[in-house]
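Here are the chains, one letter per residue:
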Protein chains: 2
Amino acid sequence: MSKNWNTFEVLRHSRHDWLNRLQLIKGNLALDHIDRAKEIIEEIIIQSRQEAKLSNLNAPKLTEYILTFNWCNHLFQLDFEVIGDEYDISNYEAELIELVARCTEAIEAQVSYPADHHLLLTLQLYHEEIHLVFDFQGEYSNSHKLKTEFENVEINSAHLTRFEHSEDEVVSTFLIK
Amino acid sequence: MSKNWNTFEVLRHSRHDWLNRLQLIKGNLALDHIDRAKEIIEEIIIQSRQEAKLSNLNAPKLTEYILTFNWCNHLFQLDFEVIGDEYDISNYEAELIELVARCTEAIEAQVSYPADHHLLLTLQLYHEEIHLVFDFQGEYSNSHKLKTEFENVEINSAHLTRFEHSEDEVVSTFLIK
């Protein structure tokens, strides 16, 4: 399900990601778009804070799964955010990984080619109730099939509480408790 | 000798390093030192090319050892460069790791406190002869002891070919063949 990365590979992928960000800053500075370069730096810092927040939930395998997702070839780009309190979610870690894996696979099965598709994964942590929101934006083929898959994930503590879709977006929320 | 990093830790350290670099760029942009910011970006790109070059020598464990060295607490900062041809040095990988480990330990034993100490490690690759240069700059206590240690590393294919020292610098070169 999840690739085992070695240090050498992690360093290589990470360097590649960061150099891409650096090129964006460099490109804007070269065009004298100083304000845009500053904005990009702020965006990177905000995203890094999200990574740090995710890393503070005592769920290192889940963190690794999410942060390395885009290094494998997928038909969409995964973005994520963590909203709410920071607390220890280690009790739910295995099930959260399973849920993310199943749902991303189900979504990918409904996407026919790589394009500017995005999946925003939001981890909402309130009062020891975890909500996991999958917000997919892009072209997909069958929302009915997707809903059925989501309703039948058969992960003990996870329940689909919301499923909404439009022509180019599917938003589904799971409650994990 | 070498710590086994997991993906979670590598991501955390790597993020920390890159955010430090980003802060340097951000700070200079805030002071309107645009040219300095551009220079820093160029320096980072050059260093990243060195990392990529090191990564291309088919010696992933050596690469990992060097690139993660500064994540452990040491009394000096390790910098490195790779000069010359890029070829497969896997036959010498284990001995090179051993040599770097032994020599950095020997140097560290002669440094009494952390300060602005630097060790530049240069890997020179010419005609299938590897030269490894340890250029330490900083305060150290006993060059004689260091020389004796270097002369007696007892690694089969490594021979000390040069040892020079001044008050605040020690340069030693090993030939590995």
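Residues numbered from 1 in each chain as written. Chains lettered and ligands numbered in written order. Predicted model: local features only at pLDDT ≥ 70, side-chain atom pairs only at ≥ 80, totals over all residues. Heavy atoms only, no water.

Caption draft 1: Examining the side chain of Q50 of chain B more closely. Residue and element names in this part refer to chain B. Along the polypeptide, Q50 turns up in helix 2 (residues 34–55). Here Q50 falls in the buried class, since its relative accessible area comes to 17%. What Q50 contacts, discounting residues up to four positions off in sequence, is F80, E81 and V82. (Helix = DSSP H or I, 4+ residues; strand = E, 2+ residues; numbered from the N terminus. Buried < 20%, exposed > 50% of the residue type's maximum accessible area, 1.4 Å probe, protein only. Contact = heavy atoms within 4.5 Å.)

Caption draft 2: Up close: empty space enclosed by the protein. Residues and elements named next belong to chain B. Scanning the model with the defined rule gives three cavities of 30 Å³ or more in all. Roughly 60 Å³ of internal volume is contained in the largest cavity. Lining the largest cavity, in full, are L54, L62, I66, F80, E81, V82, L96, V100, L121, T122, L123 and L132. Mapped by element, the contributors of at least two residues to the lining of the largest cavity are helix 3 (60–68), strand 1 (77–84), helix 4 (93–109) and strand 2 (118–126). Counted by class, the lining of the largest cavity contains 10 nonpolar, one polar and one charged residues. (1 Å grid on protein atoms, 1.4 Å probe; cavity = no way out; pocket = protein on both sides within 12 Å on 5 of 7 lines; lining within 4 Å. Points joined across faces, edges and corners; volume = space filled by probe spheres on them. Nonpolar A, V, L, I, M, F, W, Y, C, P; charged D, E, K, R; others polar.)

Caption draft 3: Broad picture of the layout of surface pockets. Quantified by volume, the largest pocket comes out at close to 810 Å³. Sorting the residues of the lining of the largest pocket by element identifies helix 1 (7–30), helix 2 (34–55), helix 3 (60–68), strand 1 (77–84) and strand 2 (118–126) of chain A together with helix 1 (7–30) of chain B as the ones contributing at least two each. Broken down by element, the residue count for the lining of the largest pocket peaks at seven residues, all from helix 2 of chain A. Here the lining of the largest pocket is built from residues that sort into 12 nonpolar, eight polar and seven charged. Counted as a void, the second largest pocket has a volume near 620 Å³. The wall of the second largest pocket is formed by 22 residues, among which D17, R21, E51, N70 and Q77 of chain B lie closest to the centre. Those elements that provide at least two residues to the lining of the second largest pocket are helix 1 of chain A together with helix 1, helix 2, helix 3 and strand 1 of chain B. Here the lining of the second largest pocket takes six residues from helix 1 of chain B, the largest share from any one element. Residues of the lining of the second largest pocket, tallied by class, amount to nine nonpolar, seven polar and six charged.

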